[in-house]
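# Geometric and topological summary
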Amino acid sequence: MSSSLCLTPTCIHAASEILYNLSPDYQTIDPCTSFDALVCDGFNNRHDIPQDKTSYSTGTIMSENGQTTLRHILESPYPATSEHSSFSPQNLLTLTASTDQDNFLMIQEAYNACMNETTLQSLGVAPLVDLIDQVAASFPVAEGAYGEDGPLGETDASELSETILLLEKMGVSSFVGLTAGADDKNPDVVIIQAYPAGLSLPSPEYYQDNDTIATYQAMLGEVFSALLPTNSSRASAKQLAQSVVDLETKIAAVTPPPEDQSDVTKYYNIIKVTDAAKIGPAIGLDSVVKSLVPEDYTADSMLLAFPEFLGNVSEIVSQAPKAAVQSYLIWQLVNVYSSYVEGPEVEAIDRFSNTLSGKDPGTKAERWKTCVSYVDSTLGWILSRFYIEAAFSDDAKKYGDQIIMDIKHQFITKLNDLSWMDDSVKKLAVNKVNNIDQKIGFPTASPNITNPDALQAYYSGLTISDSFFNNTLASNAREVNRTWSALGKPVDHGEWGMQADIVNAYYNPVGNEIVFPAGIMQFPVFDLDLPGYVSYGAFASVAGHELSHAFDNSGRHYDEHGNYTDWWTNSTVAEFDQRAGCFVDQYNAFTVPAAGGGNAAPLHVNGRLTLGENIADAGGVSAAFAAWRDRVASAGPDQSLPGLDFFTHDQLFFVFYANWWCGKTRPEQAVQYVYTDPHSPAFARVLGTTANSRAFRDSFNCPVKEPTCELW
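I will try to describe carefully the structure that is included in this document.

Rules of the game
Residues numbered from 1 in each chain as written. Predicted model: local features only at pLDDT ≥ 70, side-chain atom pairs only at ≥ 80, totals over all residues. Heavy atoms only, no water. Helix = DSSP H or I, 4+ residues; strand = E, 2+ residues; numbered from the N terminus. Rg over C-alpha atoms; globule rule 2.2 N^0.38 Å. Buried < 20%, exposed > 50% of the residue type's maximum accessible area, 1.4 Å probe, protein only. Contact = heavy atoms within 4.5 Å. Pairing = 2+ DSSP bridges. Axes fitted to C-alpha atoms, helices over the stretch in contact; angles between N-to-C directions. Parallel < 35°, antiparallel > 145°, perpendicular 65-115°, else oblique. Left-handed = near helix turned anticlockwise from the far one by under 90°. Nonpolar A, V, L, I, M, F, W, Y, C, P; charged D, E, K, R; others polar. Patch = residues over 30% accessible without salt bridge, like charges linked within 9 Å, V, L, I, M, F, W, Y side chains within 5 Å. Areas by Shrake-Rupley, 256 points an atom, 1.4 Å probe, with all protein chains shown as cover. Salt bridge = Lys/Arg side-chain N within 4 Å of Asp/Glu carboxyl O. Disulfide = S-S within 2.5 Å. Core = buried A, V, L, I, M, F, W, Y, C linked by side-chain atoms within 4.5 Å. Expected span 1.5 Å × (residues − 1).

The number of helices and strands found in the protein chain is 30 helices and 11 strands. What you see for the protein chain is a C-alpha radius of gyration of 26 Å, in line with the 27 Å of a compact globule of 712 residues. With respect to the three principal axes, the spread of C-alpha positions in the protein chain is 85 × 60 × 55 Å. Looking at the protein chain residue by residue over its 712 residues, the buried ones come to 55%. When contacts within the protein chain are restricted to residue pairs at least 6 apart in sequence, those whose partners lie at least 24 apart make up 76%.

Read across the sheet, three strands follow the order S6-S8-S7 without closing on themselves; strand pairing throughout is mixed. The open sheet terminates on both sides in strands that have one partner only, identified here as strand S6 (437-441) and strand S7 (506-508). When the angles between neighbouring strand axes are averaged without regard to direction, this sheet yields 15°. Relative to strand S8 (residues 513-517), S6 runs parallel, the two sharing five bridges. In the strand pairing of S8, Gln438 is matched with Ile514. Helix-sheet contacts for helix H20 (residues 394-417) involve S6 and S8, and the interaxial angle to S6 is about 150°.

A few words now on the sheet that holds strand S3 (residues 186-196). Read across the sheet, four strands follow the order S2-S3-S5-S4 without closing on themselves; strand pairing throughout is mixed. Looking at strand neighbours, the two that pair on one side only are strand S2 (176-183) and strand S4 (270-272), the edges of this open sheet. Strand-to-strand twist in this sheet, taken as the mean axis angle between neighbours without regard to direction, amounts to 40°. Here S4 runs beside strand S5 (residues 301-304); their pairing, made up of three bridges, is antiparallel. Bridge pairing in S5 links Ile270 to Leu303. Helix H14 (residues 285-292) contacts S2, S3 and S5 of the sheet and is inclined by roughly 55° relative to S2.

Before going further, it helps to examine unusual backbone geometry. Note that the residue after Ser446, namely Pro447, is joined by a cis bond; omega there is 0°. Following Phe523, the chain continues to Pro524 via a peptide bond in cis, the omega torsion being 5°. Here the phi dihedral of Phe306 falls at roughly 55°; this positive angle occurs in a residue that is not glycine. Tracing the backbone through its elements, the reader meets Phe306 in the loop between S5 and helix H15 (307-318). Even without being glycine, Asn701 reaches a positive phi, approximately 55°. Looking at the element boundaries, Asn701 is found in the segment after helix H30 (694-699).

This part takes up the packing of helix H10 (residues 237-253) against H15. Where H10 contacts H15, the axes come no closer than 10 Å and their chain directions differ by 155°. Viewed along their axes, H10 and H15 adopt a mutual orientation that is roughly antiparallel. Handedness of the crossing formed by H10 with H15: right-handed. Contact with H10, carried on its side by Leu247, Lys250 and Ile251, involves Phe309, Val313 and Ile316 of H15 and no other residues of that element. Looking at the contact of H10 with H15, its residues break down into five nonpolar, no polar and one charged.

This part takes up a nonpolar patch on the surface. Where nonpolar side chains cluster on the molecular surface, the patch consists of Leu5, Leu7 and Ile12 and spans about 280 Å² of accessible area. On the secondary structure map, Leu5 appears in the segment before helix H1 (9-21).

We now examine helix H27 (residues 649-659). Of all 11 residues in H27, 10 are buried; the element is thus mostly enclosed. Taken together, the buried positions of H27 are occupied by His649, Gln651, Leu652, Phe653, Phe654, Val655, Phe656, Tyr657, Ala658 and Asn659.

Next up on the list: the state of the cysteines. Evaluated as defined, the whole model comprises five disulfides. Paired through a disulfide, Cys6 and Cys11 show a sulfur-sulfur distance of 2.0 Å. In this structure, the disulfide formed by Cys6 and Cys11 twists by about 80° around the S-S bond and is classed as right-handed. As far as burial versus exposure is concerned, Cys6 and Cys11 are alike and both buried. For Cys114, the disulfide goes to Cys371, at an S-S distance of 2.1 Å. Because the torsion about its S-S bond is -85°, the bridge between Cys114 and Cys371 counts as left-handed. Here the residue Cys114 occupies a position in helix H4 (residues 94-115), and Cys371 occupies one in helix H18 (residues 367-378), the gap between them amounting to 257 residues. This pair shows no difference in class: Cys114 is buried, exactly as Cys371 is. Sequence-ordered numbering of the bonded cysteines in the protein chain gives a pairing of 1-2, 3-9, 4-8, 5-6, 7-10.

Turning our eyes to something else, we now look at the nonpolar core. Of all hydrophobic cores here, the largest spans 136 residues; its most connected members are Phe35, Leu415, Phe516, Phe551, Trp568 and Trp712. A total of 10 residues in this core trace back to one element, the largest contributor, which is helix H26 (residues 611-635). The residues touching Phe516, leaving out its near neighbours within four places in the chain, are Ile404, Lys439, Ile440, Gly441, Trp496, Ala505, Met521, Phe539, Val542, Ala543 and Glu546.

Before going further, it helps to spend a moment on the packing of helix H8 (residues 210-227) against helix H16 (residues 322-337). As a packed pair, H8 and H16 sit with axes 11 Å apart at the nearest point and diverge in direction by 90°. On the basis of the axis angle, H8 is roughly perpendicular to H16. In this structure, H8 contributes Tyr216, Met219, Leu220, Val223, Phe224 and Leu227 to the contact, and H16 contributes Ser327, Trp331 and Val334. Classifying every residue of the contact of H8 with H16 gives eight nonpolar, one polar and no charged.

Right, let's talk about the pairing of S3 for a bit. Relative to S3, S2 runs antiparallel, the two being bridged by eight bridges. Looking at the pairing, Gly181 lines up with Ile191 of S3. The turn joining S2 and S3, which pair antiparallel and follow one another in sequence, is formed by two residues. Relative to S5, S3 runs parallel, the two sharing three bridges. Along S5, the bridge assignment pairs Ala194 with Leu304.

Turning our eyes to something else, we now look at H1. Compared with the 18 Å implied by 1.5 Å per residue over 13 residues, the 18 Å span of H1 between its first and last C-alpha is a close match. Elements in contact with the buried residues of H1: helix H2 (31-46) and H27.

Here is the structure:
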């Protein structure tokens, strides 16, 4: 059956985007070896990375479109006449509408306070200095002791733990990260969690680069000479900067690699809270934790990831000069709060950060972008409510649900057909797929963003004023309190970890849930009015990716209820590990150029760190393609898009998949990603995933039909 041509404005728009993004030589490039170039060379030719960004991609453009929508919301009057849905202002009862308007005014006030640069400049760094003085008073160093003091004494331990507590209450981590979250082995219970922290540079590798360390130390010296609390400390700024760098360098040397920090079999370690004092006596973690938990909660046990890290850091800190530790703690505070003040005293921080990621040192984002992001991070659920009003529909939600149900069906079919998985494991794996909670578009609980009263209750106690800095302090304090007050209560499975406008998605193994904010369900990744191969090639591949995480090297350790448990047979584990090893070797072979160019050897992708994402990419495309083909078989062929008749519909599925990954990244940022990001570079996600797709190789008639690596 031949298909008709879609000539609607939406179809013409989608086709033109693809034609612009394709290489001018797309008809002659070999898709089997250079599919990234075929699909994306046009994108790279017509897009430069904006000055204020470290990368630019299809996803970036979607995010920018979303930010513009949010800006229009925040700079426009309350949308009183909107009739978009059942919870639109026009359809609310009078009393509820009044609450809705109050919520709207709250986000506008937060935005306007952020936008008022005149007030920010007149205040300067004074609000930040007040916080610095609090830290200095909590962990004091005698005026004449800078540069003369020795290691910490026994009497300093209580002061240090009190200061760590003070910082934690402001939302600032120091030597160890602290939070409260679901217990991996009992996902309905909230427990105290501690994990390695303490570094200001992106990863331990940066502390081995002499040029980076020299620039970092110079920046610290400049900041310290302006912001340290006393005359003698400011006079010793250069020496203290070096001591802080030395301290962080020692912490970097004992920091577990990122692939271990994300491995539940390595980080899951339950101890008595009282034992934290024995493991890391200089840090006083037990005292900090007991002061953070609710009054009616008894802090008996906690998850301490990598106890040896706490022990090593405790030893490092105990041998450091007190002035170095004070300067370090002040720097942690300044590093978090400097972006909420204006003044020459903190400009060196932005210059250093820009340089580290490859941007021009003096680059600054437009203020409205900063303030839209600020409101989204502080009052994000109210903003999400109005974003949904502007950019998402009930029909879009239904279509998303359909796609994800199709993906689940395909994954179950795949599981049942596997020859290497034991039948007992298959049965449990199918149960796990059926039990995955799919959350699409926006939350309707915790909070229900369609209910203005629920939103008002969610943010109750948070006062928003015309003071940008005070709003930040209040919001951070509220978030810290919200996190710790969850102890002693059941895990709230209605919560989302991303606002509705975010262009992303995630799988949460402890909740056995997949979450797709409305932000990623937008053109050109998702659209009801386009042929199915568009939304299935892009969005369904993302959906399949997230579901595949339930069975990657991390997710496979969690059962259908989100419990970390040993539910696979030994033979199935051995078969999985053998196939997973193929992915590790495959992606280890991909490289990115070293920053700065020259003759430096390229950096290899870390196939172990990126393993879960690479497995998920392959599984996602496989399930999405099968789901789309089943839809075509039952509903008939999709329409064609104008100007793309060189490709079959099967091939266009993969073109729209790869189009999602079109983009470019500054070399310095690409290096940082290799060290820290569990995702492979975008080009590798195209080349690796298509090499691992039997359907791709069939569609483009590649000489080798067998996938390079295959699990799901």
